[in-house]
Amino acid sequence: MLKTLIVSNRLPLQLNIKNGKVSSSPSVGGLATGLKSVHKESNGLWIGWNGLIQEDVDSQLVNTVEKVVKEQQCASVTLSKDDFDGFYYGFSNHTIWPMFHYFMEYAKFSNDYWESYKRVNEKFAQVVLENLEEGDTVWIHDYQLMLLPQLIKEKRPDVSVGFFLHIPFPSFEVFRTIPWREQILNGLLGADLIGFHTYDYERHFLSSVSRILGYATSFNSITLADRVVTVDSFPMGIDYEKFSSFAKANQQQTDTTQSELQRRLYHHQEETPEAKMILSIDRLDYTKGIANRIKAYERFLEKYPEYIEKVRLVMLAVPSRSNVKQYKRLKKEIDELVGRINGKFATVSWTPIWYFYRSMPFTNLIDLYTSCEVALITPIRDGMNLVAKEYVACRTDQTGVLILSEMAGAAKEMNEALLINPNDMELIADTIKEAIEMPVSEQKKRNKYMQSRLKRYNVEKWAEDFMNKLKSIKRTEELVKTKLLNFNRKEKLLQRYKESKNRIFFLDYDGTLRGFVNNPNEASPDEKILNLVRSLNNLPRTEVVIISGRDADTLGEWFKDIPVVLIAEHGVLKKNVVDNKWFLTEAMNTDWFPTIEPILQKYVDRTPGTFIEKKKYSLAWHYRKADPDLGEQRATELSNVIKELSINRGLSVLYGNKVIEVKSMNVHKGKAATNHILSSEKDFVFAIGDDWTDEFMFQDLPEDAVTVKVGRVNTAARYYIERQEDVADLLSLFIS
Ligand SMILES: O=P(O)(O)OC[C@H]1O[C@H](O[C@H]2O[C@H](CO)[C@@H](O)[C@H](O)[C@H]2O)[C@H](O)[C@@H](O)[C@@H]1O
Ligand SMILES: O=c1ccn([C@@H]2O[C@H](COP(=O)(O)OP(=O)(O)O)[C@@H](O)[C@H]2O)c(=O)[nH]1
């Protein structure tokens, strides 16, 4: 039975070892809830670190531990202390975490960390590969495992691999400074689908891929040599029902069933009914903006002293990654800030900040969410921030105000919150006042919108959406594969060729016979290409036509020693073998050159790295060497400008591979190729090409023609091969 393997740094369980006995309890995190259906209901398996350091586990208990883990449909990756220090504290949390959250000055670039990260990713890969069966799907989570997609894909290209990044993906300008940037991107590109919380993270990633690796990206897909990778955003939700039903139940507790915390919170409300509580919950992490938040609260008390004794900041900071230097320093800073502000403002009956440094059980979190009138969540950067969503879900009577940082992924979906810039103390101080004074009707209006969205797009829907997308990619992939010119299909083709009497080969040049180079003038054919064309042309009853967008002079010079037919400028000019002279295939004029050329020149001047190629009857604007984004943007702009001008001039705009070409409307490779075979009776027509200009050929040639696309993007061709490098092998088949 097909299954899905979920892979994350930590397993969704807590192991307890007491008196030689091993037991486990499930962890209650959002990811575990969201993935429950994928994990439990489809024969799934969750692979991750079980929370135990190898050296700390009695060797006699190792098998028992794995048995307990297995009972929960999980498998462990074993980590030594060394692994954990270098991989988790080191590369994950001392390099990637600060870099991806724009805290570049906190990042440490250490080769030892990197080696450890690679080694641990390989350990994960080993466990995944041991558990994989044909047709399985793998869903990998987060920044600790960015090399894993590639490690799996290399060994098991048949397996469908998804990856989700839970933290931001930084802008190219930040990402490019990481010494191992290529390896990280290549690692991620092993996945078929890469998911992010927001569109911003997605576009940052695409920009890094095109600028650093030079791959073509269009909309949300990346074309690799042999695969297409899809990139999309899936904003993670919460288990809405769980939070809202616990919150409802919490309101109905009686004196005897209330938790100690709830009792204290109620007591506080009864004593000072007009006083408001402002909630702050996060892991103690420098990305969460805790220090700024406290300072903004101080500013609020200074600026609006009428609220002294009338508000309280209830702050829960959960210990996290305390082995990393910056986290230790942050703890000290927060302790001191809280102490100073409490000392400065406290009265005999009031402390401005209630500060808890610990993790709280779920029911206590609900106590806090339901009792505090305002939630103040001000991360400097945050992938998503689930606390913001949980707070809103717990406000069952729809009162309460959420103040949320614009820098949290959640802000993209929670527009009705009071959005703030976490570095603007004055703004935060004023927004706290606005929140406290917000009329109840306004609070309800805002929360109603947010609640209905959170309810709809909950964590299960998030997981379902991701999995559905991955499945649909797999189906498309299978469909595309039916066109791949594989061994069997090649054999059949060869048979057809052998049985035929009159053959013709239409061969495109750039991107087909020859790979792309930055300067088109340097793409002349080498001996290998010339020999290939010569041998093909020497076959009995076989005609070879080089059909290209190149100008006649260049093509003529390159193939002067081989008696092949040449079709240049996308079909404008042709040279037959018999008379060896170029002639126009249609009546052409160049009256339009003086109008179009200055426009192309303007785009050359404005777009560094671009240039004009002037042919006899067409003009081409090349942008291969330009910045990839700027090049695409200017190409779209330019083609729109030219399209307008072409209407009454009988011109058309062709989109090649990083080139736009303007030429007369009534000529293209399709027309040239079909006209060429009109009078001859060919029973084996073969055409191969790589870009949009070749599509005319694929569309117009007779139905039984063997049309082959180089690359796997959408095509009218009957077959495709994956890479330009495979062209020579394919053509050699007919020669041997
Ligand atoms: O495992 P830890 O090192 O203790 O860290 C806890 C988790 O922190 C990160 O959470 C991120 O994921 C959340 C859900 O998608 C998102 O809301 C938040 O903004 C992120 O920071 C981290 O991604 C996890 O791997 C850690 O387990
Ligand atoms: O004492 C606590 C405090 C918080 N949380 C949970 O920790 C998660 C924090 O997720 P968030 O996305 O806000 O930030 P992260 O810590 O993942 O960066 C939320 O689901 C909280 O309910 C918890 O389990 N115990």
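Keep in mind that this is a model prediction, so the values were computed, not measured.

Thresholds, definitions, all that
Residues numbered from 1 in each chain as written. Chains lettered and ligands numbered in written order. Predicted model: local features only at pLDDT ≥ 70, side-chain atom pairs only at ≥ 80, totals over all residues. Heavy atoms only, no water. Helix = DSSP H or I, 4+ residues; strand = E, 2+ residues; numbered from the N terminus. Buried < 20%, exposed > 50% of the residue type's maximum accessible area, 1.4 Å probe, protein only. Contact = heavy atoms within 4.5 Å. Lys, Arg positive; Asp, Glu negative; His and termini not counted. Charge placed at Lys NZ, Arg CZ, Asp CG, Glu CD. Pairing = 2+ DSSP bridges. Axes fitted to C-alpha atoms, helices over the stretch in contact; angles between N-to-C directions. Polar contact = N/O pair within 3.5 Å; in protein donor to acceptor, adjacent residues only side chain to side chain.

Q: Account for the overall build of the protein, naming residues and giving values.
A: What the protein contains, in helices and strands, is 26 helices and 29 strands. Projected onto its principal axes, the C-alpha positions of the protein cover 105 × 65 × 45 Å. Looking at the 736 residues of the protein, the share that counts as buried comes to 55%. In the protein, the share of contacts with a sequence separation of at least 24, taken over all contacts with a separation of at least 6, comes to 70%. Distance between charge centres in the protein, computed from 97 positive and 100 negative side chains, equals 1 Å.

Q: Could you give an account of the sheet that holds strand 15 (residues 374-377), naming the residues involved and the relevant values?
A: An order of 14-13-12-15-16-17 is seen for the six strands of this open sheet, with the pairing classed as parallel. Every other strand in the sheet has two partners, leaving strand 14 (353-357) and strand 17 (418-420) as the edge strands with one partner each. Shown here is a sheet whose adjacent strand axes are inclined to one another by a mean of 20°, direction ignored. Of the strand pairs in this sheet, strand 12 (residues 276-283) and strand 15 are connected by two bridges, and their pairing is parallel. From the neighbouring strand, Ile 278 faces strand 15, where its bridge partner is Val 374. Each of strand 12, strand 13 (311-318) and strand 14 touches helix 11 (residues 260-271); the most contacted strand, strand 14, lies at about 175° to it. The strands that helix 14 (residues 362-371) touches are strand 12 and strand 13; relative to strand 12, the one it contacts most, it runs at about 140°.

Q: Requested: an account of the side chain of His 197, with residues and values cited.
A: Inspection of the secondary structure puts His 197 in the loop between strand 8 (193-196) and helix 9 (199-213). At a separation of 3.4 Å, a polar atom in the side chain of His 197 contacts the main-chain amide nitrogen of Met 236. Excluding residues within four positions of it along the chain, His 197 makes contact with Phe 164, Leu 165, His 166, Ser 233, Phe 234, Pro 235, Met 236, Gly 383 and Met 384.

This is a description of form; function is not addressed.
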